[in-house]
Amino acid sequence: MSTFTIFLALIVVVAFLLVVVIMVQNPKGGGLSSTFGGGGSQQLGGVKKTTDFLDKSTWTLATLLLVLILISNVTINRGSESADSKALDPNAQTAQPLPATPADTNNDSTISIPTDSTGN
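One structure accompanies this document, and this report is about it. (Residues numbered from 1 in each chain as written. Predicted model: local features only at pLDDT ≥ 70, side-chain atom pairs only at ≥ 80, totals over all residues. Heavy atoms only, no water.)

### Describing the nonpolar core
Core analysis: the largest hydrophobic core is formed by 9 residues, namely Phe-7, Ile-11, Val-14, Leu-18, Val-21, Leu-54, Leu-61, Leu-65 and Leu-68. Beyond its immediate sequence surroundings of up to four residues, Leu-68 is in contact with Phe-7, Leu-10, Ile-11 and Val-14. (Core = buried A, V, L, I, M, F, W, Y, C linked by side-chain atoms within 4.5 Å. Buried < 20%, exposed > 50% of the residue type's maximum accessible area, 1.4 Å probe, protein only. Contact = heavy atoms within 4.5 Å.)

Spelled out as structure tokens, the structure:
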């Protein structure tokens, strides 16, 4: 198993966790925090602590995802052959095929002008 494959698996797991954490949050202040009694005097862990935890975990997972993506770019196997551009090499010659000409061309130099039945 290559290093890139390991990073790819970690990226998928972190992305899934990030989606789950974002989906648990409610943009109007409900979400998971209201499940723990956020509206009344009975609180299990407190609404503010739950919201802080979800907010911090969102930023942590997003940062971790970005770092994993940047690090995985370094571990990509690019192969052993050179991938330099031939446009930068002044000695490189590119052969382009000539455009095909039609076999039946009419090279008459005379122009025929259609006339109507009156001869005009």
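Anyway, onward from the coordinates.
### A closer look at a nonpolar patch on the surface
Taken together, the side chains of Val-13, Phe-16, Leu-17, Val-20 and Val-24 make up a nonpolar region of the molecular surface, amounting to roughly 410 Å² of accessible area. Its place among the elements puts Phe-16 in helix α1 (residues 3-24). (Patch = residues over 30% accessible without salt bridge, like charges linked within 9 Å, V, L, I, M, F, W, Y side chains within 5 Å. Areas by Shrake-Rupley, 256 points an atom, 1.4 Å probe, with all protein chains shown as cover. Salt bridge = Lys/Arg side-chain N within 4 Å of Asp/Glu carboxyl O. Helix = DSSP H or I, 4+ residues; strand = E, 2+ residues; numbered from the N terminus.)

### Observations regarding α1
If you check α1, its first and last C-alpha atoms are 32 Å apart, about what 22 residues at 1.5 Å a residue would give, namely 32 Å. When α1 is considered as a whole, its buried residues turn out to be Phe-7, Ile-11, Val-14, Leu-18 and Val-21. All buried residues of α1 lie within an arc of 95 degrees about the axis, which places them on one face of the element. For α1, the exposed residues set more than 90 degrees away from the buried face come down to Val-12, Phe-16 and Met-23. (Expected span 1.5 Å × (residues − 1). Arc of directions from axis to C-beta.)

Keep in mind these values describe shape, not function.
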